[in-house]
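Residue strings, one per chain:
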Number of protein chains: 2
Amino acid sequence: MARIAVTFAPTALPPDARDRLLQGLAGHDVSFADDGDWSNLQPTSSPHTHAADVIYGQPAVDDLQRTDARFVQLTSAGYGRYDADALRQRGIALCTSSSVYAQPVAESALAMLLGALRRLPHTLADQPHARWNAAAHRRASSLLHGARVAVLGWGAIAQALAPALVAVGARPVVVRRTVRGDEPLPTVPRDRWHEALHGAEALVNTLPGTDDTEGLVDADALAQLAPGAVVVNVGRGTTIDTEALLDALRRDHLGGAWLDVTDPEPLPPGHALWTTDRVWISPHVAGGWRGEHLALVEHFLANVGRWQADEPLLDRRA
Amino acid sequence: MARIAVTFAPTALPPDARDRLLQGLAGHDVSFADDGDWSNLQPTSSPHTHAADVIYGQPAVDDLQRTDARFVQLTSAGYGRYDADALRQRGIALCTSSSVYAQPVAESALAMLLGALRRLPHTLADQPHARWNAAAHRRASSLLHGARVAVLGWGAIAQALAPALVAVGARPVVVRRTVRGDEPLPTVPRDRWHEALHGAEALVNTLPGTDDTEGLVDADALAQLAPGAVVVNVGRGTTIDTEALLDALRRDHLGGAWLDVTDPEPLPPGHALWTTDRVWISPHVAGGWRGEHLALVEHFLANVGRWQADEPLLDRRA
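We now turn to the structure provided with this report. Keep in mind that what you see is a predicted model, and the values were worked out from it rather than measured.

## Brief notes about the sheet that holds strand S8 (residues 187-189) of chain A
Residues and elements named next belong to chain A.
Inference 1: Taking strand neighbours across the sheet as the criterion, the 7 strands line up as S8-S7-S6-S9-S10-S11-S12 in an open arrangement whose pairing is parallel. Strands at the two margins of the open sheet, each flanked by one partner only, are S8 and strand S12 (279-281). Sheet twist, expressed as the average angle between the axes of neighbouring strands with direction ignored, equals 15°.
Inference 2: The sheet contact formed by strand S10 (residues 229-233) and strand S11 (residues 254-259) spans 5 bridges and is parallel. For Asn-233, the partnering residue across the bridge sits in S11 and is Leu-259.

## A word on the relation of the copies chain B and chain A
Inference 1: Mapping chain B onto chain A calls for a screw motion: a turn of 180° about the axis and a shift of 0.0 Å along it, with 0.0 Å RMSD after fitting. Look at the turn and shift together and you get a two-fold axis relating the two.
Inference 2: Interface overlap between copies is the fraction of interface residues in one copy that are interface residues in the other; for chain B against chain A it reaches 100%, indicating a shared surface.

## Concerning the packing of aromatic side chains
Residues and elements named next belong to chain A.
Inference 1: The final tally for this structure, using the stated rule, is 10 aromatic pairs over all chains.
Inference 2: Ring geometry for Phe-8 and Tyr-56: centres 5.8 Å apart, planes at 65°, overall edge-to-face. One end of the pair, Phe-8, is in the loop between strand S1 (3-6) and helix H1 (15-24); the other, Tyr-56, is in strand S3 (residues 54-57), with 48 residues separating them in the sequence.
Inference 3: Take Phe-8: its relative accessible area is 3%, and that puts it in the buried class.
Inference 4: The class for Tyr-56 is buried, based on a relative accessible area of 0%.
Inference 5: Here a set of aromatic residues connected by ring pairs shows up, and it is made of Phe-8, Tyr-56 and Phe-300.

## Observations regarding the pairing of strand S7 (residues 171-176) of chain B
Residues and elements named next belong to chain B.
Inference 1: Across the 6 residues of S7, 5 count as buried, placing the element largely inside the fold.
Inference 2: In the sheet, strand S6 (residues 148-152) pairs with S7 via 5 bridges, with the strands oriented parallel. Note on S7: the bridge partner recorded for Val-149 is Pro-172.
Inference 3: Handedness of the crossover is the feature at issue here: the chain leaves S6, passes through helix H7 (residues 156-168), returns alongside S7, and the resulting connection is right-handed.
Inference 4: When S7 meets strand S8 (residues 187-189), the two strands line up parallel, connected through 3 bridges.

## As for the interface of chain B and chain A
Inference 1: Taken together, the contact pairs 57 residues of chain B with 57 residues of chain A.
Inference 2: For the pairing of chain B and chain A, the buried interface totals around 5,000 Å² over both sides, and the portion due to carbon and sulfur atoms is 64%.
Inference 3: Summed over the three residues of chain B that lose the most area to chain A, namely B:Gln127, B:Trp132 and B:Arg138, the buried surface amounts to 18% of that side.
Inference 4: Between B:Glu292 and A:Arg138 there is a salt bridge, with the nearest N and O atoms lying 2.8 Å from each other.
Inference 5: Among the elements of the structure, helix H4 (98-117), helix H5 (120-126), helix H6 (134-140), H7, helix H11 (272-275) and strand S12 (279-281) of chain B are those that each provide at least two residues to the side of chain B that touches chain A.
Inference 6: The dominant element in the side of chain B that touches chain A, judged by the number of residues it contributes, is H4(B), at 10 residues.
Inference 7: Residue composition of the side of chain B that touches chain A, grouped by class: 33 nonpolar, 16 polar and 8 charged.

## Focus: the environment of B:Asp218
All names here are of chain B.
Inference 1: If you trace the backbone, Asp-218 turns up in the loop between strand S9 (202-205) and helix H9 (219-224).
Inference 2: Spatially, the C-alpha atoms of Asp-218 and Gln-89 are 35 Å apart, while their sequence positions differ by 129 residues.
Inference 3: Apart from the residues within four sequence positions on either side, Asp-218 is in contact with Asp-241 and Ala-244.
Inference 4: At 3.0 Å, the side chain of Asp-218 and the backbone nitrogen of Ala-221 are in polar contact.

## Some words on the packing of helix H7 (residues 156-168) of chain A against H7(B)
Inference 1: The interhelical angle for the contact between H7(A) and H7(B), taken along N-to-C directions, is 175°, at an axis separation of 8 Å. Relative to H7(B), the element H7(A) lies roughly antiparallel. Across the interface between the two elements, A:Pro163, A:Ala164, A:Ala167 and A:Val168 of H7(A) pack against B:Pro163, B:Ala164, B:Ala167 and B:Val168 of H7(B).
Inference 2: Residue composition of the contact of H7(A) with H7(B), grouped by class: 8 nonpolar, no polar and no charged.

## Digging into the pairing of strand S1 (residues 3-6) of chain B
As a general feature of sheets, a regular strand has side chains that alternate between the two faces.
All names here are of chain B.
Inference 1: Relative to strand S2 (residues 29-32), S1 runs parallel, the two sharing 4 bridges. Within the sheet, the bridge partner assigned to Arg-3 lies in S2 and is Asp-29.
Inference 2: Taking the sense of rotation as the criterion, the β-α-β connection linking S1, helix H1 (residues 15-24) and S2 turns out right-handed.
Inference 3: Bridge count for S1 against strand S3 (residues 54-57) is 3 bridges, and the pairing is parallel. Paired with Ala-5 across the bridge in S3 is Ile-55.

Scoring rules and cut-offs
- Residues numbered from 1 in each chain as written.
- Chains lettered and ligands numbered in written order.
- Predicted model: local features only at pLDDT ≥ 70, side-chain atom pairs only at ≥ 80, totals over all residues.
- Heavy atoms only, no water.
- Pairing = 2+ DSSP bridges.
- Helix = DSSP H or I, 4+ residues; strand = E, 2+ residues; numbered from the N terminus.
- Axes fitted to C-alpha atoms, helices over the stretch in contact; angles between N-to-C directions.
- Least-squares fit on C-alpha atoms with pLDDT ≥ 70 in both.
- Contact = heavy atoms within 4.5 Å.
- Phe/Tyr/Trp six-rings, centres within 6.5 Å; stacked < 30°, edge-to-face > 60°.
- Buried < 20%, exposed > 50% of the residue type's maximum accessible area, 1.4 Å probe, protein only.
- Right-handed = clockwise from strand over helix to strand, strands pointing away.
- Buried area = accessible area lost by both parts, 1.4 Å probe.
- Salt bridge = Lys/Arg side-chain N within 4 Å of Asp/Glu carboxyl O.
- Nonpolar A, V, L, I, M, F, W, Y, C, P; charged D, E, K, R; others polar.
- Polar contact = N/O pair within 3.5 Å; in protein donor to acceptor, adjacent residues only side chain to side chain.
- Parallel < 35°, antiparallel > 145°, perpendicular 65-115°, else oblique.

See below:
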């Protein structure tokens, strides 16, 4: 029997996910927080975390400094607010839920990439005006087939996206910090990443938010892309230099930018990203779907089983 | 040397496609029409068609009744306005350009399908209001992975779409007039097609407009789909009963309908399809892209070469 501290209230979960969580943790000593919104992934302080063996949710950073827990399971893909090195040194396992989000994010990235190339936002914008601008849209649209697509990152999202890109006939080039040689696609290392960008008709960022990705996609990087290229960001908003992106759009160097993540988030009313032509905003929803909560619970329960059996944990980061 | 009648003016083509056409037909006796808009695919009467060996474009139906031509190459995928049986009896080969359009249409269908499931139109509609409705959109969105997708038709479009559906992890079921047993996906014959629809989370229509597809997707067919299902039409507008579609949307049985083709076309201002909630209109552009005209010319030139060498013609319909 493990002491399991959950950093949100059971009411934060839809009934199917809550029932599955309680059933799956039967026999354990489970304590929930009184509140704690699951959706916005804000860290929640909870007194139960101190004496817990396992913490599930989004614990407050300070709580982790005091905990006796051996295993922390986050409900997010990102873990940038936690000090993974410090947890590792204290022998505390830290796991994300990134594999749960990989497929939905990859599908949204593909939807945005194809949508931008096939001009779906442009024709949707014509709809309130009942404009049937067939010839103009046909002339201006592009194909993913044959298109050079720079994919930043080779984590779970990129690996879920890659088969679809290949199936459609795109020519993806992956940028990975270190090339290991086992990648199924052409891959360049980070220190030569402009080779992947040069002449690319699309850029898909899947990189997480870390110190060395902040502002990575800057004016010089965007200038490498082919004129009219589209940018899709499903990684972190901070990875793209927003001002450089807006400038490249205003100068018509870029054909469009579809952003599921922005810097800052939520994007405040009046921000230029809301209103600049050919910027399409999606409010950090690419990882979600109607089965999200149940899948997160299943992922946690699988890791609890692995932790108890001393087997390798899924999505372990520390 | 063949006499080749083109039913549009050379100025109707972008320079790269025009240059390639003239270069590819050098040595032949080529006559162009004085006008004739390439884009809207309206048939054009031309006196040159009478004594031509080859007709290229969208000839007037009456002109084909008087022509001596042996080979008619249409620039469209559809050929419903021509009497293929009559042409066949007179020994006149009729070819479409359907294989040119298959990839772009498949890409648009995938973009619309993924876009509807991942709620891209919903988040785009929030953008002018600077609404960051993350939780609501996450809860309501769906995945293509694991989704049952009924694909109507097994022509070039469906065959171009299928690998991408499989790569994303969808579960497509194809409806084909006659099942031949060589299909790479689960396939049901037209007389049992409701089996493919039953419980499907998406319907993608790729069928051409023929007598036996008119109104095929009626209220009974739509009722078979799972609640919240999305409908994508890249075939012909007449294949879907518009009133039944609107009714299913208004009753919230359907989650949305993305239509590249409508009945009628162009969709007149004030038509309910322009304004009904969760109908997304694309003005018959799915087959287009910036390389469309050049690709059509290449396809024609390839068929001219085959015709001269007495080899099987591409996309032959009569």
